[in-house]
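A closer look at the structure
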Amino acid sequence: MIDNMAKQNHIIANRRPPSRWATRLRLAFHYGDRPWNALTISMAVLTILVMLAIGVLLWRESAGSRSAFGLNFLKPTTDASWNPVSGEFQAWPFIYGTLVTSLFSLVLAVPLSLGVAIFLAELCPEWLRLPLGGMFELLAAIPSVIYGLWGIFVFLPKVVDPVGRFLDTTLGNVPVLSLFFHGPIPASGASLLAAAFILSIMITPTITAITRDVFLAIPVSQREASLALGSTRWETIWKVLIPYGLSGILGAVILGLGRALGETMAVTMVVGNSIGGSLSLLRPGYTMSSIIANEFAEAVSPLHTQALIEVGLILFIITLLLNILARLLVWRVGRGNVQGARA
Amino acid sequence: MQRKISLLFVLVMVMSLVLSACSTPTTQAPAVATVVTTVEVTRVVAGTPETIVITATPAPTEPPTPTSMPAGSVQVNGAGATFPLPVYTEWIYAYQYIDPSVTLNYQGIGSGGGKKGIIDNTIDFAGSDSVLKDEEYTSGGDLQMYPMLAGAVVPIYNVDGITKTVTLDGATLAGIYDATITKWNDPAIVALNPGLNFPDASITAVHRSDGSGTTEIFTNALASFSQQWKDSVGAGSSVEWPVDKAGNGIGGKGNQGVAAAVQNTPNSIGYVELSYAIANKIAYTDMINKSGNKVTANADSLASAMNDFATTFTDKLTNKIVDGPGAASWPIAGYTYIILRTTSMPDCVKAQKIVEYLKWALTDAGAAKRAADLGYSVLPDAVRTQVLAKLGEVTCNGAPVVTP
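Moving on: the overall build of chain B. The number of helices and strands found in chain B is 17 helices and 14 strands. Burial analysis of chain B (404 residues in total) assigns 49% to the buried set. By sequence separation, contacts in chain B at least 24 residues apart represent 72% of the contacts at least 6 residues apart.

The next point concerns the overall build of chain A. When helices and strands are counted, chain A shows 15 helices and two strands. Expected size for 343 residues packed as a compact globule is a radius of gyration near 20 Å; at 26 Å, chain A overshoots this value by more than 25%. Dimensions of chain A, computed from C-alpha atoms along their principal axes, come out at roughly 85 × 60 × 40 Å. Expressed as a percentage of its 343 residues, the buried residues of chain A come to 38%. Across chain A, contacts joining residues at least 24 apart in sequence account for 75% of those joining residues at least 6 apart.

Right, let's talk about the pairing of strand 4 (residues 143-158) of chain B for a bit. Residues and elements named next belong to chain B. In terms of burial, strand 4 is largely enclosed, as 16 of its 16 residues are buried. In terms of strand pairing, strand 4 meets strand 11 (residues 333-341) through nine bridges, oriented antiparallel. Of the residues in strand 11, the one forming a bridge with Ala150 is Tyr335. As paired strands, strand 4 and strand 12 (residues 376-378) are joined by three bridges and run antiparallel to one another. Considered in strand 12, the bridge of Ala150 is made with Ser377. Direction of pairing for strand 4 relative to strand 8 (residues 268-273): antiparallel, over a ladder of six bridges.

All names here are of chain B. At Ala179, a residue that is not glycine, the phi angle is positive and equals roughly 65°. Phi is positive for Leu317, close to 60°, though the residue is something other than glycine. Relative to the elements of secondary structure, Leu317 occurs in the loop between helix 14 (299-308) and strand 11.

Let us now look at the packing of helix 7 (residues 144-170) of chain A against helix 9 (residues 192-217) of chain A. The relative placement of two packed helices comes down to the angle between their axes together with the axis-to-axis distance. Residues and elements named next belong to chain A. For the pair helix 7 and helix 9, interaxial distance at closest approach is 9 Å and the crossing angle is 125°. If you check the angle between helix 7 and helix 9, you find them oblique. For the element pair helix 7 and helix 9, the recorded crossing hand is right-handed. Two secondary-structure elements touch here, helix 7 through Ser144, Tyr147, Gly151, Phe155, Leu156, Val160 and Gly164 and helix 9 through Leu193, Ala194, Phe197, Ile198, Ile201 and Met202.

Turning next to the nonpolar core. Of all hydrophobic cores here, the largest spans 180 residues; its most connected members are Ala194, Ile198 and Val270 of chain A together with Val154, Ala333 and Ile339 of chain B. Top contributing element to this core by residue count: helix 9 of chain A, with 16 residues.

In this section: the sheet that holds strand 10 (residues 294-295) of chain B. Residues and elements named next belong to chain B. The strand order 5-9-10 describes an open sheet built from three strands, whose pairing is mixed. Because the sheet does not close on itself, it has two edges, and the strands there are strand 5 (167-169) and strand 10. Where strand 9 (residues 286-288) and strand 10 come together, two bridges link them in antiparallel fashion. Within strand 10, the residue paired with Met287 across the bridge is Val295.

Attention now goes to the interface of chain B and chain A. How big an interface is tends to be reported as the loss of accessible area on association of its parts. With 43 residues of chain B in contact, the opposing surface of chain A contributes 37 residues. In terms of residues, the side of chain B that touches chain A owes the most to one element, helix 1 (residues 2-36) of chain B, which gives 10 residues.

Attention shifts here to the packing of helix 15 (residues 348-363) of chain B against helix 17 (residues 381-391) of chain B. All names here are of chain B. Relative to each other, helix 15 and helix 17 sit at 170°, their axes nearing to 11 Å. As far as their axial angle goes, helix 17 and helix 15 are roughly antiparallel. Where helix 15 abuts helix 17, its residues Val355, Leu358, Lys359 and Leu362 lie against Arg384, Val387, Leu388 and Leu391. Split by residue class, the contact of helix 15 with helix 17 holds six nonpolar, no polar and two charged.

Taken as a whole, chain A is organised into domain 1 (2-61) and domain 2 (65-342). Every contact between the two is made by five residues of domain 1 of chain A and, on the other side, five residues of domain 2 of chain A.

Looking at chain B, the pLDDT average stands at 82 and 82% of residues meet or exceed 70. Complex prediction metrics read pTM 0.76 and ipTM 0.74.

This paragraph deals with the pairing of strand 2 (residues 102-108) of chain B. All names here are of chain B. Sheet topology note: the strand 1 (residues 74-80)/strand 2 ladder contains seven bridges and is parallel. Counted as the bridge partner of Gly80 is Gly108 from strand 2. For the handedness criterion, the β-α-β arrangement of strand 1, helix 4 (residues 85-98) and strand 2 is classed as right-handed.

What follows concerns helix 9 of chain A. Since there are 3.6 residues in each turn of an α-helix, residues three or four apart along the chain are aligned in direction. Residues and elements named next belong to chain A. Its 26 residues place the ends of helix 9 37 Å apart at the C-alpha level, agreeing with the 38 Å of an ideal helix rising 1.5 Å per residue. Approximately 35° is the largest bend angle found in helix 9, and it occurs at Ile203, with the proline Pro205 only one to four residues beyond. Burial runs high along helix 9: 23 of the 26 residues are buried.

Turning to the environment of Asp231 of chain B, a few remarks are in order. All names here are of chain B. Tracing the backbone shows Asp231 in helix 10 (residues 227-232). Residue Asp231 is classed as exposed on the basis of its C-beta count, with 9 C-beta atoms lying within 10 Å. Separated by 97 residues in the primary sequence, Asp231 and Ala328 have C-alpha atoms spaced 28 Å apart.

It is worth spelling out helix 4 of chain B at this point. If you check helix 4 of chain B, its first and last C-alpha atoms are 20 Å apart, about what 14 residues at 1.5 Å a residue would give, namely 20 Å. Considered for burial, the residues of helix 4 of chain B that qualify are Pro86, Val87, Tyr88, Trp91 and Tyr95 of chain B.

Time to look at the confidence of the model for chain A. Predicted coordinates in regions of low pLDDT should not be interpreted in detail. Overall, the predicted model of chain A reaches an average pLDDT of 86, with 92% of residues at or above 70. The low-confidence segment residues 338-343 of chain A (pLDDT under 50) makes zero contacts with residues lying over four places distant or belonging to another chain.

Note that Gly195 of chain B resides in the loop between helix 8 (187-192) and strand 6 (204-208). Separated by 31 residues in the primary sequence, Gly195 of chain B and Lys164 of chain B place their C-alpha atoms 9.7 Å from one another.

Right, let's get into the environment of Val240 of chain A. All names here are of chain A. The topology assignment puts Val240 in helix 11 (residues 233-244). A count of 18 C-beta atoms within 10 Å places Val240 in the partly exposed class. Note: C-alpha distance between Val240 and Phe136 (104 residues apart in sequence) is 25 Å. For Val240, the contacting residues outside a window of four places in its chain are Gln222 and Ser226.

The rules behind these values
The numbers attached to residues start from 1 for each chain and follow its sequence in the written order. Each chain gets a letter, beginning with A, and each ligand a number, beginning with 1, in the order they are written. Local features in this predicted model are restricted to residues whose pLDDT is 70 or higher, and side-chain atom pairs enter the listing and the counts only when it is 80 or higher, whereas totals over whole chains, interfaces and linings include all residues. In this description a helix means any DSSP run of H or I spanning at least four residues, a strand means any run of E spanning at least two, and both kinds are numbered starting from the N terminus. The exposure label follows from counting other C-beta atoms within 10 Å of a residue's C-beta, where the C-beta atoms are placed from the backbone and the thresholds are 20 or more for buried and 12 or fewer for exposed, leaving partly exposed in between. We call two residues in contact if the C-beta atoms placed from their backbones are at most 7 Å apart. Values of the radius of gyration come from C-alpha atoms, whereas the globule rule sets the reference at 2.2 Å times the count of residues to the power 0.38. When DSSP finds two or more bridges between two strands, those strands count as paired. The convention used is that axes are lines fitted to C-alpha atoms, helices contributing only their stretch in contact, and that angles between N-to-C directions extend from 0 to 180 degrees. For classification, angles of less than 35 degrees are called roughly parallel, those exceeding 145 degrees roughly antiparallel, those between 65 and 115 degrees roughly perpendicular, and all remaining angles oblique. For any helix crossing, the convention is left-handed if the near helix is rotated counterclockwise from the far helix by under a right angle, and right-handed if that rotation is clockwise. Linking buried Ala, Val, Leu, Ile, Met, Phe, Trp, Tyr and Cys residues through C-beta atoms within 7 Å yields a set, and such a set is a nonpolar core. Each residue receives one of three labels: charged for Asp, Glu, Lys and Arg, nonpolar for Ala, Val, Leu, Ile, Met, Phe, Trp, Tyr, Cys and Pro, and polar for the others, Gly being one of them. Residue ranges assigned to the domains are those given by an automatic or database domain assignment. Scored from 0 to 100, pLDDT reflects the predictor's confidence in each residue. By convention a crossover is right-handed if, when the strands point away from the viewer, the path from the first strand over the helix to the second runs clockwise. Helix span, as expected, comes to 1.5 Å for every residue beyond the first. To get the bend at any residue, fit one axis to the seven residues that end at it and another to the seven that begin at it, then take the angle between the two axes.

Here's what the structure looks like:
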């Protein structure tokens, strides 16, 4: 502000009679606010336009499939058919696969990430914080195809297969849970469970990094106040810091969920790519992004292509809905927090 | 007032900046090319009629001699099937030394993408494993398919305690994939392999998860082996696998995905291209063919399969070569095709270069050897003469592209 005024004075002091256009140009650019506003607004509008364009394209290009199958395309059934030869397509196995792998990966990743973030931000000795945090962030930089390869050759046979067998013998006999945990898991380990495991490893660094930053951004006074009141460290973290940063943590979880929903390569390599109709996590399955990646290049009949685009449309809508829901949740939590602080 | 105008001005400036930034990659690229290469070269590449007149290139109907053209002056873009990609890559590399004036480029984007490209006229030639449908012929105008190569698909296996080569026949293979044969010690398998001790283990059948010409050949063969498969499943680049429904199927992405799944899954079976099995030294089964002989997949048994069907080509030059009756024929094989526009290629120089290249690929001994080394087979004489005759019918502006 003061700087601006000084500049203005400087201009007035040095005023010469420049041409009209030059003056206008200089005035327009001298105070960068308006060009800057215009630039940022146009960028924001561009993003929205791209988003809309994708939605419109997916909607239009899937017209044939939508009119041919209608709501039957989405019908939840264990006997879904995806038959490119006879031209019958139902997307339920892929929708189920995507949702169940993403949600299960969140179940695994959220406690893990929260623990790591709390350790990094609150409990970790100073000298360990940087190397450990850096290594965790490095996990996010590994290309997904590497996760897939590692999954196929190491993680699936060494970890998923034994874990799957264990789950099959334990949870596989519990009445309701057996629906999701009955085996046998294929000997190669390729299954929905494997995809969920790989996804949880892939989204953990994302959630951890943001959650850690949320914790670090919480004012020290909050901790001091809590400790001064006689709380233990556990109580400070659990009852003060987590509620304070909840909206940020939820935001981190949403970002992780977004990545899990859309992840293609690593999942395709480990999920088994089989439309079996079983609800079990221990059986091979399929996800929406996998079927598109697998079949789009060689989809020769128009109906097949359109059905795949409709799967893309569904994925687009699900991602959008989940994001909106999550955003609403964050708002609610954020507002509650402010009111709580006032009270 | 003046502020308003200046604001408007700035807005226009910013928008034009943004727009130009967006369009840079597409519109500016040719201009850059003009700078770095000679004027003559870029004009021929662009291929517009008036620039051809400006440069010393002869009129479109008179084909120029290859030596008169600078290296890399004709850019030919092809795209499509990934099945023949290893061979096409080798051929294109070798062809640089035969005719340096043409730069060939083939991208393995899938048969579907190749067909779409040639129908929409965005590429100069397409590669495809699957044949065009009738409506695609007409929507593309004047499309023609030319068989270029044949490839074999081989079953690969991983069975506990089995170290010798396993032999299967068509009915058994179809039985495994439609889940009617579920155990390795099934009498049908045991009877085909005297002396081998199969375990009492259920069979995991691995298939390609991605749409693929390999799957198309494999399912074509299964449909020929088994009427039940033909009726219930059919053939295509991706199908609905009965073994998936039965809970014993796994999809692997690409040849490497199938091979990895088979290697990591005890008592499993899968199928890959012969070329992939050769390159990675993976054991594959022998097959009992239609005439009842035990055959191994190689260039000879592939050629035999092609010869079995050499006389049954239609005018469209498409054909299946699965389950051939010949004594030495490998039963799981298929052609891969090149698709060209036969009368409406816009650039006659380019048209000539494409046809010359294809003729070289079909007839050159070195090209044949490169294909055979990779596990593919070039066409036998009986088929080749038909393809060459059809290639001679390609015209540009009404005149034959190459003198026969």
